[in-house]
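# Inside the fold
Listed here are the chains, written in short residue letters.
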Amino acid sequence: MNQPILGVIFDLDGVIVSTDNCHYLAWKRMADEEGIPFDRTINERLRGVSRMESLSIILEKATKDYTEAEKQEMATRKNGYYVELIQSLTCGDLLEGAGDALALLRNKGIKIAIGSSSRNTPIILKQIGLEDSFDAVADGNAITRSKPDPEVFLLAAKSLGLAPANCLVVEDADAGVEAALAGGMRVLGVGGAAANSNATFAAESLAAANFDTILTNQ
Ligand code: BG6
Ligand code: MG
């Protein structure tokens, strides 16, 4: 018999808000400046992956070696471009069904949290007007190991005061699905992770997810 789901931990990028294109444009600008080939197919591999690990993936196509200091500079430069772009995010950039899902869970007395690798989580939540909407926020600023390590989700569960077995994670990245399972949580795969056969539940988007069924058919 499964434990009841008492808390839902949402990934942010690609689950609550559409920042994919901002990440892509910022990395693309940096990669073009360096003459490193980068396209949307490579960008898909960066989903859920930390900033420095994303850079390592991009550098697979580089024709020269970069020093640690150069890598730090490139990541910082990309982040500057990214932060510029996310200044124009608004609540209109919430992904379809995100607002309704949060309201429904709140009504049912389910605790809600963010579990994101992004160190820009506070800026993004403020831009989309959700800075006071979660019972806990665990993000890239508070962790040392990024997904697929479960650290960020375990921290979110702990902040909610819940055992992992009582938490459901919502993820769009395969690395996040792995992280949730490694942390002993169930996971709803949406978007890019809807096809992940390891996910406990799947839905094309939050709009298509039936939380009534998920919460009762545990
Ligand atoms: C994740 C994104 O949420 O955050 C990744 O899916 C991104 O694409 C990662 O690299 C880190 O984000 P940031 O904002 O700290 O550079
Ligand atoms: Mg994501």
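Anyway, here's the lowdown on the structure attached to this text. (Residues numbered from 1 in each chain as written. Chains lettered and ligands numbered in written order. Predicted model: local features only at pLDDT ≥ 70, side-chain atom pairs only at ≥ 80, totals over all residues. Heavy atoms only, no water.)

This part is about the overall build of the protein chain. Assigned secondary structure in the protein chain consists of 9 helices and 6 strands. Computed over C-alpha atoms, the radius of gyration of the protein chain comes to 17 Å, within 12% of the 17 Å expected from 2.2 N^0.38 for 218 residues, which places it in the range of a compact globule. Each of the three principal axes of the protein chain carries a C-alpha extent, and together these read 55 × 30 × 30 Å. Counting across all 218 residues of the protein chain, residues that qualify as buried make up 49%. Taking the intrachain contacts of the protein chain between residues at least 6 apart in sequence as the baseline, contacts between residues at least 24 apart amount to 60%. Accessible surface, the protein chain: about 10100 Å² in total, of which carbon and sulfur atoms supply 49%. A distance of 3 Å separates the average location of the 20 positive side-chain charges in the protein chain from that of its 30 negative side-chain charges. (Helix = DSSP H or I, 4+ residues; strand = E, 2+ residues; numbered from the N terminus. Rg over C-alpha atoms; globule rule 2.2 N^0.38 Å. Buried < 20%, exposed > 50% of the residue type's maximum accessible area, 1.4 Å probe, protein only. Contact = heavy atoms within 4.5 Å. Areas by Shrake-Rupley, 256 points an atom, 1.4 Å probe, with all protein chains shown as cover. Lys, Arg positive; Asp, Glu negative; His and termini not counted. Charge placed at Lys NZ, Arg CZ, Asp CG, Glu CD.)

On to the coordination of the magnesium ion (ligand 2), then. Four donors placed tetrahedrally about a metal ideally form angles of 109.5 degrees, and six donors placed octahedrally ideally form angles of 90 or 180 degrees. Distances from the magnesium ion (ligand 2) to its protein donors, Asp11 (OD), Asp13 (O) and Asp172 (OD), fall at 2.0 to 2.1 Å. Mapping the donors of the magnesium ion (ligand 2) onto the primary sequence gives the spacing D-x1-D-x158-D. You can see aspartate 11 sitting in the loop between strand S1 (7–10) and helix H1 (20–34) and its partner aspartate 172 sitting in the loop between strand S4 (167–171) and helix H8 (174–182), a full 161 residues away along the chain. You can call aspartate 11 buried: its relative accessible area is 5%. Judged by its relative accessible area of 2%, aspartate 172 is buried. (Donors = N, O, S within 2.8 Å, 3.2 Å for Na, K, Ca; no water.)

Below, the discussion takes up the site of ligand 1. What surrounds ligand 1 is a group of 15 residues, the closest being Asp13, Val49, Ser118, Arg119 and Asn120. A distance of 2.8 Å separates an oxygen atom of ligand 1 from a polar atom in the backbone of glycine 48. A distance of 2.6 Å separates an oxygen atom of ligand 1 from a polar backbone atom of valine 49. Here ligand 1 loses 96% of its free accessible area of 390 Å² to cover by the protein chains. When atoms are counted within 2 Å of each cavity's grid points, the one that captures over half of ligand 1 is the largest pocket. Among the residues making up the shell around ligand 1, the classes are represented as 3 nonpolar, 8 polar and 4 charged. (Near = heavy atom within 4 Å. Polar contact = N/O pair within 3.5 Å; in protein donor to acceptor, adjacent residues only side chain to side chain. 1 Å grid on protein atoms, 1.4 Å probe; cavity = no way out; pocket = protein on both sides within 12 Å on 5 of 7 lines; lining within 4 Å. Sits in = over half its atoms within 2 Å of the grid points. Nonpolar A, V, L, I, M, F, W, Y, C, P; charged D, E, K, R; others polar.)

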